[in-house]
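The primary structure of each chain is shown beneath.
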Amino acid sequence: VEVVPLNHHALLSYIHSRGIDTQTARQFCREIHYELHRRHYFAIAFGNVSGGYEMRNPYYKGCIKGKDISVIRYNKDIIQNHVCVFEGFMDFLSFLTIRQQKSPDMPCTDWQDYVILNSTANVDKALYPLAGYGHIHCMLDNDEAGRKAVEAIRQEYKWCVRDASHLYSGHNDLNDYLRSLKVKQSQDLTVTEKPQPELDNRQNPGEKRKRGLRM
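Here goes a summary of the coordinates provided.

Quick notes on the rules
Residues numbered from 1 in each chain as written. Predicted model: local features only at pLDDT ≥ 70, side-chain atom pairs only at ≥ 80, totals over all residues. Heavy atoms only, no water. Core = buried A, V, L, I, M, F, W, Y, C linked by side-chain atoms within 4.5 Å. Buried < 20%, exposed > 50% of the residue type's maximum accessible area, 1.4 Å probe, protein only. Helix = DSSP H or I, 4+ residues; strand = E, 2+ residues; numbered from the N terminus. Contact = heavy atoms within 4.5 Å. Salt bridge = Lys/Arg side-chain N within 4 Å of Asp/Glu carboxyl O. Phe/Tyr/Trp six-rings, centres within 6.5 Å; stacked < 30°, edge-to-face > 60°. Lys NZ or Arg CZ within 6 Å of the ring centre and 35° of its normal.

Regarding the nonpolar core
Phase 1 of the analysis: Counting residues in each nonpolar core, the largest one holds 29 residues, and the members touching the most others are Ile44, Phe86, Phe92 and Tyr114.
Phase 2 of the analysis: Broken down by secondary-structure element, the contributors of at least two residues to this core are α1 (9-17), α2 (22-28), β3 (39-47), β7 (82-86), α3 (89-102), β8 (113-116) and α6 (174-190).
Phase 3 of the analysis: In terms of residue count, α3 provides more of this core than any other element does, 7 residues in total.
Phase 4 of the analysis: In this view, Phe86 contacts Asp91, Phe92, Phe95, Tyr114, Val115, Ile116, Leu117, Met139, Leu140 and Leu174; residues no more than four positions away in its chain are not counted.
Phase 5 of the analysis: By size, the runner-up hydrophobic cluster in this structure holds 19 residues, among which are Ile69, Tyr133, Leu140 and Cys160.

Rendered as C-alpha cells:
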C-alpha cells in the first residue's frame, strides 16, 4: 500500500524492546503498510539490492518483492578496506547500537561497509559484492548455518575472512548479545550494597593511620 518513514509507536516500541537505538533504526529502516486477504498490516522494512524489503514486526518475519542481500556503503565511489557481514538487519542495527554506546563521541560506524545476507541461503549472492575488501568480518549466528556461511565466504577469500562470532560467544546472535547487555545494565542499577558494620575508629598505639577509600 505504502512505504513511509519509520514512526509508528508500536514498531518503535518493538525496536526498543530489542535493545536497538530507535534513531539508528529510523536512519536505515522504513515503515511499510500492506494488505493480505483484505486485511491491513504494517511492519519495519529494510531495503535490499533488488528493490524489495525485508519485513519484521513482533508477529511476522518475511519479505516483499523478492528476497536478496542488502549492501550499505558510506562512499559509493570507494570500497573501504573493511566490511562487516551480518545475517539479518536486526544484527546490523545491534552492531551500530553497541558501537554508539561504547564510543558515543566517535563510534566509527562509517569506517567500514556492510553486507547483510537477510538469510544464510543468500551467501552466494554476497560473494561478488565482497570482492576487493582487505578484511571481511563475519558476524553471523552462532549456529551450524552461520558456521557454514562463514566457511563458504572463507573458501572464496581465504585469509581476508575473520569469524568474529567469538565476540558474542554464548549468545545466538548479536541482537541476543545486545539484549543481554541491557539486562546486565538494568541489574547493575538495582544492586545495592549491604550496609557495613560500623568500624571502631580508634587506633592502637604505634599503628599508622590508614588512608581513606578512593573513588
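Thoughts on the pattern of salt bridges
Phase 1 of the analysis: Taken as a whole and assessed by the stated rule, the structure comprises 4 salt bridges.
Phase 2 of the analysis: Residue Glu54 pairs with Lys67 through a salt bridge whose shortest N-O separation is 2.5 Å. Of the two residues, Glu54 sits in strand β4 (residues 53-57) while Lys67 sits in the loop between β5 (60-64) and β6 (70-72), which places them 13 residues apart along the sequence.
Phase 3 of the analysis: The residue Glu144 makes a salt bridge to Arg147 at a minimum N-O spacing of 3.4 Å. Here Glu144 pairs with Arg147, and both are found in helix α5 (residues 144-157), just 3 residues apart, close to one helical turn.

Focus on the side chain of Asn118
Phase 1 of the analysis: Residue placement: Asn118 occurs in the loop between β8 and α4 (123-127).
Phase 2 of the analysis: Residue contacts for Asn118: discarding those within four places in its chain leaves Phe46, Asn48, Glu54, Lys67, Asp68, Ile69, Ser70, Glu87 and Phe89.

Points about the packing of aromatic side chains
Phase 1 of the analysis: All told, the structure shown has 11 aromatic pairs when counted by the stated rule.
Phase 2 of the analysis: For the pair Phe86 and Phe95, a centre-to-centre distance of 5.4 Å together with 50° between the ring planes defines the contact as tilted.
Phase 3 of the analysis: Taken together, Phe28, Phe46, Tyr74, Phe86, Phe89, Phe92, Phe95 and Tyr114 form an aromatic cluster joined through their ring pairs.
Phase 4 of the analysis: Here the guanidinium or amino end of Arg56 rests over the ring plane of Phe89, the centre of that ring lying 5.8 Å away.

Describing the environment of Leu130
Phase 1 of the analysis: With respect to the helices and strands, the residue Leu130 is situated in the loop between α4 and β9 (135-139).
Phase 2 of the analysis: Since its relative accessible area comes to 0%, Leu130 is described here as buried.
Phase 3 of the analysis: Placed 59 residues apart in sequence, Leu130 and Val71 show a C-alpha to C-alpha distance of 9.7 Å.
Phase 4 of the analysis: Contact partners of Leu130, with chain neighbours within four places excluded, come to Val83, Val85, Val115, Ile136, Ile153 and Tyr157.

Here's the deal with unusual backbone geometry
Phase 1 of the analysis: The phi dihedral of Lys65 falls on the positive side, at around 65°, and the residue is not glycine.
Phase 2 of the analysis: Tracing the sequence through the fold places Lys65 in the loop between β5 and β6.
Phase 3 of the analysis: One non-glycine residue, Cys108, adopts positive backbone phi at about 60°.
Phase 4 of the analysis: Overall, the relative accessible area of 17% leaves Cys108 in the buried class.

Let's talk about the environment of Gly146
Phase 1 of the analysis: Relative to the elements of secondary structure, Gly146 occurs in helix α5.
Phase 2 of the analysis: With a relative accessible area of 1%, Gly146 lands in the buried category.
Phase 3 of the analysis: As for Gly146 and Asp173, which are separated by 27 residues in sequence, their C-alpha atoms are 9.6 Å apart.
Phase 4 of the analysis: Non-local contacts of Gly146, meaning those with residues more than four positions away in its chain, are made with Glu87, Thr120, Leu140 and Asp141.

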